[in-house]
Amino acid sequence: MMIRLFVLLFIPMFFVYAVELGSTYNYKYNHKLRLDQTTLQDAIAQYGTPRERYHVNSQLYSYVFLRYYSTDLSLFSGKARMSYLEFREDILYAYITVSSFDNDSTNFSYTKSKEIKVGDSIDEVVKRIGEPSGMGKCPMNTGKFSGFCKDGEQTWMWLYAKTNGMMNSDKLKAKALLVGVDKEGKVLEIERDRITILTKGR
């Protein structure tokens, strides 16, 4: 009787709690982000309070990193959305957006991405696999891709991730494509990888 009561009371509560992980935010502002233009204050005003915010000071620059994250999870599956923003001296230096929600999915063809080669124009890349879900100035400072595109102008990024549900909600398994572009819009460098994106911590 006690076991049955536990199942009836605890399990529904567990699944209701799952849906509330993370927090909602104005993810539609992703499409209005502009490198070298969007300010830290503008981003917070539009997105709302970030789930995480931290500061890093180097000898040359001051950086601020913001992370926004929301989910709709069951125990072993669900959907997730994350926006990760990097500001240098309070001006947008890079951003990454990832979503498995249907209305703003960042999914792309990993197979088609293998057709991209150095020397292609970035317009050709977009025509082949769609608009990027992130952009950054060169060189990159973010996580695993730190140091990418040392000799380029911008990094264009395509990322898509799935969540394994509540059992592993702090990690998203993702496919990633990074393309380093020069001032003329030509591809200089390419990196494709299967990565893990952390939804909290550095």
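Description of the structure in this document.

Parameters and conventions
- Residues numbered from 1 in each chain as written.
- Predicted model: local features only at pLDDT ≥ 70, side-chain atom pairs only at ≥ 80, totals over all residues.
- Heavy atoms only, no water.
- Disulfide = S-S within 2.5 Å.
- Helix = DSSP H or I, 4+ residues; strand = E, 2+ residues; numbered from the N terminus.
- Buried < 20%, exposed > 50% of the residue type's maximum accessible area, 1.4 Å probe, protein only.
- Core = buried A, V, L, I, M, F, W, Y, C linked by side-chain atoms within 4.5 Å.
- Contact = heavy atoms within 4.5 Å.
- Phe/Tyr/Trp six-rings, centres within 6.5 Å; stacked < 30°, edge-to-face > 60°.
- Polar contact = N/O pair within 3.5 Å; in protein donor to acceptor, adjacent residues only side chain to side chain.
- Arc of directions from axis to C-beta.

1. Topic: the state of the cysteines
All chains considered together, the criterion is met by one disulfide. At a sulfur-sulfur separation of 2.1 Å, the disulfide partner of C138 is C149. Judged by the sign of its S-S torsion, about 75°, the cystine formed by C138 and C149 is right-handed. Here the residue C138 occupies a position in the loop between β5 (134–137) and β6 (154–162), and C149 occupies one in the loop between β5 and β6, the gap between them amounting to eleven residues. The class for C138 is buried, based on a relative accessible area of 16%. Residue C149 is classed as buried on the basis of its relative accessible area, which comes to 1%.

2. Side note on the nonpolar core
The nonpolar side chains of soluble globular proteins are, as a tendency, buried together. Core analysis: the biggest nonpolar cluster contains 30 residues, and Y47, L85, F87 and W158 have the highest contact counts within it. The dominant element in this core, judged by the number of residues it contributes, is helix α4 (residues 122–129), at four residues. The contacts of F87, once residues within four sequence positions are left out, are T38, T39, L40, A43, S62, Y63, V64, L66, L92 and Y93. If you look at the next biggest cluster of nonpolar residues, it comprises 20 residues, including A80, M140, A174 and L178.

3. A word on the packing of aromatic side chains
A complete count under the given rule lists ten aromatic pairs for this structure. Look at F108 and Y110: their rings are 6.5 Å apart centre to centre, the planes differ by 50°, and that puts the pair in the tilted class. Looking at F108, the relative accessible area reads 6%, which means it is buried. Aromatic ring contacts, followed pair by pair, group Y54, Y61, Y63, F65, Y84 and Y93 into a single cluster.

4. Structural notes on the environment of S62
Structurally, S62 can be placed in strand β2 (residues 62–73). Sequence-wise, S62 and F87 are 25 residues apart; in three dimensions their C-alpha atoms are separated by 8.3 Å. Sequence-distant contacts of S62, defined by excluding residues within four places in its chain, comprise V56, N57, F87, R88 and E89. Looking at S62, its side chain comes within polar contact range of the side chain of N57, at 2.9 Å.

5. Brief notes about α4
Along α4, the positions that sit buried rather than exposed are I122, V125, V126 and I129. Within α4, the buried residues cover an arc of 95° as seen down the axis, which keeps them to one side. Along α4, exposed side chains directed more than 90 degrees from the buried face belong to D123 and K127. After α4 finishes, the residue G130 shows a positive phi value of roughly 100°.

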